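Structural overview
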Amino acid sequence: MPSIPALPRRLHGPSIWALYFLGLCPAVWYFYQAATGGLGFNPVKEFEHLLGIWALRFLVAALVITPLRDLAGINWFRYRRALGLLGFYYVLMHFSVYALLDLQLNLGAVWGDIVKRPYITIGMACLVLLIPLAVTSNNWSIKRLGSRWNSLHKLSYLILAGGVLHFILARKSLTLEPSFYLALSALLLAYRPVRKPLVKWKRGLGQPVQSRG
Amino acid sequence: MSVYQPPKIPTSEITPKSAYLSRRTFVGGAAAGLVLGGTAATAIAAPLQAKPGPYKLDEKPTPKEAITTYNNYYEFGVNKSDPAQNSGKFKPTPWTVAVEGLVNKPKMFGLEELMKLQLEERTYRMRCVEGWSMVIPWIGFPLKALLDQVEPQGSAKYVAFETVVRPSEMPGQSGFFQPLPWPYVEGLRLDEANHPLTILAVGLYGETLPNQNGAPIRLVVPWKYGFKSIKSIVKIKLVEKQPETTWKNANAKEYGFYSNVNPAVDHPRWSQATEQRIGEGSGLFQARRDTLPFNGYASEVASLYAGMDLKANY
């Protein structure tokens, strides 16, 4: 089984904060570029799309953590909350740019889009569904909710599927980039139902022969 | 409502050639290469002589750099910057356009012959179906001037157009993942094709067309969404029945045969009521402007569609 050098325990906390910091860098960098003419001739749209892509990247990354431990033995569970929250922050920024800068707070147009256009309805639903997950992304909520926390956070599967659908439907034709996220997400979601039997089988392989009876 | 002004001054006077040249000298070879990527074809664009056309807009032309680096031309890739970056290998000369079908005198036109037609400057609005727009100083000639030469027969009701297929020069046409079937095809009703606003463009901003904008010859129909204005045309065919068109085939619910700019008919996935004028505003603050019926050309073309339900015939 491949292994990577373990991070000293005292660096676990700082590494999580470093992830938050690095994770927000793309947003700051693209904002600077958009404001100074570095994002081409339609900077608002470009900024909006880049924030959406990064949201999808973090949501995908959050769901990679489990298969990464199951299949490669790399335990990065300490980063999962940060990845999920970064995904939520990017979704929030993506929506804000769309509403504030793209539609310039024309609330009628925003509401019209949400009710009339399936891909925006789906995107908005994902944003709404992310709110309870973000609000309960703390130790207090995990203790308090117990096993219900796990059930609630299974919403992340639905959110990822919705996010990818939103991306595909927003394009004029099915191109390489959305197809890549479609394939990756399909793989990550398809892994969930086979996970338990797979992990059981792998454990069985690792045990001495006599213990299997 | 007439939005036209009588001809004033040609674009070549508004933005003199010397201005580009001095800017290019100033920017320098290396920096220009960095900014413009693979736009070698722009650099070898030849100056074109044209008289001012009968249509002139009193709106500021979009900067040439925006027109040549932000556009859709899926044969070179699906991103807005792809056409400029990936069209360097495309060879727009030599070139011929076959004009055939229901005509008395079918003919293969060489590009040189077409360039000898009376070229005019036509500054038109361009409205993309995606919700952005530009003002573009084209150089070209009325499509009618070409169609008259081949003498369409009485049975000809439509005009079908076809783009070149050259996978070796057009990266979007080769490889595993292609967004559209090729060749790209488009069509107009014969009366739309014969309308004085409809031109075949061979130039832009006082020079021959850059590869990324549809060199060497493309259609421009300013009252329709941009995708109707097919690029790098090799075939024009007069036909009796409404021809196949690429985007309608790809998604008939979203892209109709007519595709006239219409703020009252939404694209199923977004509103068409407003548009983003590229190059206007600064940074992240860009006001949207209202989209006009027929892209502001209603007084010229609305009569073509008298009695038609424009919601059904989108």
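Rules and cut-offs
- Residues numbered from 1 in each chain as written.
- Chains lettered and ligands numbered in written order.
- Predicted model: local features only at pLDDT ≥ 70, side-chain atom pairs only at ≥ 80, totals over all residues.
- Heavy atoms only, no water.
- Helix = DSSP H or I, 4+ residues; strand = E, 2+ residues; numbered from the N terminus.
- Buried < 20%, exposed > 50% of the residue type's maximum accessible area, 1.4 Å probe, protein only.
- Contact = heavy atoms within 4.5 Å.
- Areas by Shrake-Rupley, 256 points an atom, 1.4 Å probe, with all protein chains shown as cover.
- UniProt positions renumbered as here; feature names shortened; annotations may be inferred.
- Pairing = 2+ DSSP bridges.
- Axes fitted to C-alpha atoms, helices over the stretch in contact; angles between N-to-C directions.
- Polar contact = N/O pair within 3.5 Å; in protein donor to acceptor, adjacent residues only side chain to side chain.

**Points about the overall build of chain A**
Of the regular secondary structure elements, chain A holds 9 helices and 0 strands. Based on the C-alpha atoms only, the size of chain A along its principal axes is roughly 70 × 40 × 40 Å. Put simply, chain A has 213 residues, and 42% of those count as buried. In chain A, the share of contacts with a sequence separation of at least 24, taken over all contacts with a separation of at least 6, comes to 66%. For chain A, the exposed surface amounts to about 12,200 Å²; the carbon and sulfur share of it is 70%.

**As for the UniProt feature "transmembrane region" (unreviewed entry) in chain A**
Residues and elements named next belong to chain A. The positions that UniProt labels "transmembrane region" (unreviewed entry) are, in the present scheme, residues 12-32, 52-71, 83-101, 121-140, 152-170 and 176-194. In residues 52-71, the share of helix is 100% and the share of strand is 0%. The end C-alpha atoms are 29 Å apart. Along residues 83-101 one finds 100% helix and 0% strand; the C-alpha atoms at either end are 26 Å apart.

**Quick word on the UniProt feature "binding site: Mo-molybdopterin" (unreviewed entry) in chain B**
All names here are of chain B. As recorded in UniProt, the sites labelled "binding site: Mo-molybdopterin" (unreviewed entry) are N71, Y74, E75, C128, T163, N213, R218, S229, I230 and K231. In this structure, R218 sits in strand 10 (residues 218-220). The buried category is assigned to R218, whose relative accessible area is 6%. By the element assignment, S229 lies in the loop between strand 10 and strand 11 (233-239).

**Things to note about the sheet that holds strand 2 (residues 96-101) of chain B**
All names here are of chain B. Taken in spatial order, the 5 strands of this open sheet run 3-2-11-6-7, and their pairing is mixed. Both outer strands of the open sheet, strand 3 (107-110) and strand 7 (185-189), are each paired with one neighbouring strand and no more. Between one strand and the next, the sheet's axes are offset by a mean angle of 20°, whatever the strand orientation. Two elements, strand 6 (residues 158-163) and strand 11, share 6 bridges in a ladder whose sense is antiparallel. Among the inter-strand pairings, Y158 is bridged to a residue of strand 11, identified as V239. Where helix 8 (residues 143-150) meets the sheet, its contacts fall on strand 2, strand 3, strand 6 and strand 11, and the angle it forms with strand 3 comes to roughly 140°.

**Examining the side chain of K80(B)**
All names here are of chain B. Note that K80 resides in the loop between helix 5 (64-69) and helix 6 (82-86). Here E130 takes part through its side chain, which lies 3.0 Å from a polar atom of the side chain of K80. Look past the residues within four positions of K80 in its chain and what remains in contact with it is T69, Y70, N71, N72, E130 and W132.

**Brief notes about the pairing of strand 3 of chain B**
Residues and elements named next belong to chain B. Across 4 bridges, the pairing between strand 2 and strand 3 is antiparallel. Counted as the bridge partner of A98 is M108 from strand 3. Linking strand 2 to strand 3, which pair antiparallel, is a turn of 5 residues.

**With respect to the UniProt feature "domain: Oxidoreductase molybdopterin-binding" (unreviewed entry) in chain B**
In the numbering used here, UniProt assigns the "domain: Oxidoreductase molybdopterin-binding" (unreviewed entry) feature to residues 90-247 of chain B. In residues 90-247 of chain B, helix accounts for 12% and strand for 37%; the two terminal C-alpha atoms are 23 Å from one another.

**A look at unusual backbone geometry**
All names here are of chain B. Omega for the peptide link from W182 to P183 comes to 0°, which places this bond in the cis form. Among the secondary structure elements, P183 is positioned in the loop between strand 6 and strand 7. Residue A215 is joined to P216 through a cis peptide bond whose omega torsion reads -5°. Relative to the helices and strands, P216 is located in the loop between strand 9 (207-208) and strand 10. Although it is not a glycine, S232 adopts a positive phi angle of roughly 40°. Along the chain, the position of S232 falls in the loop between strand 10 and strand 11. With a relative accessible area of 0%, S232 lands in the buried category.

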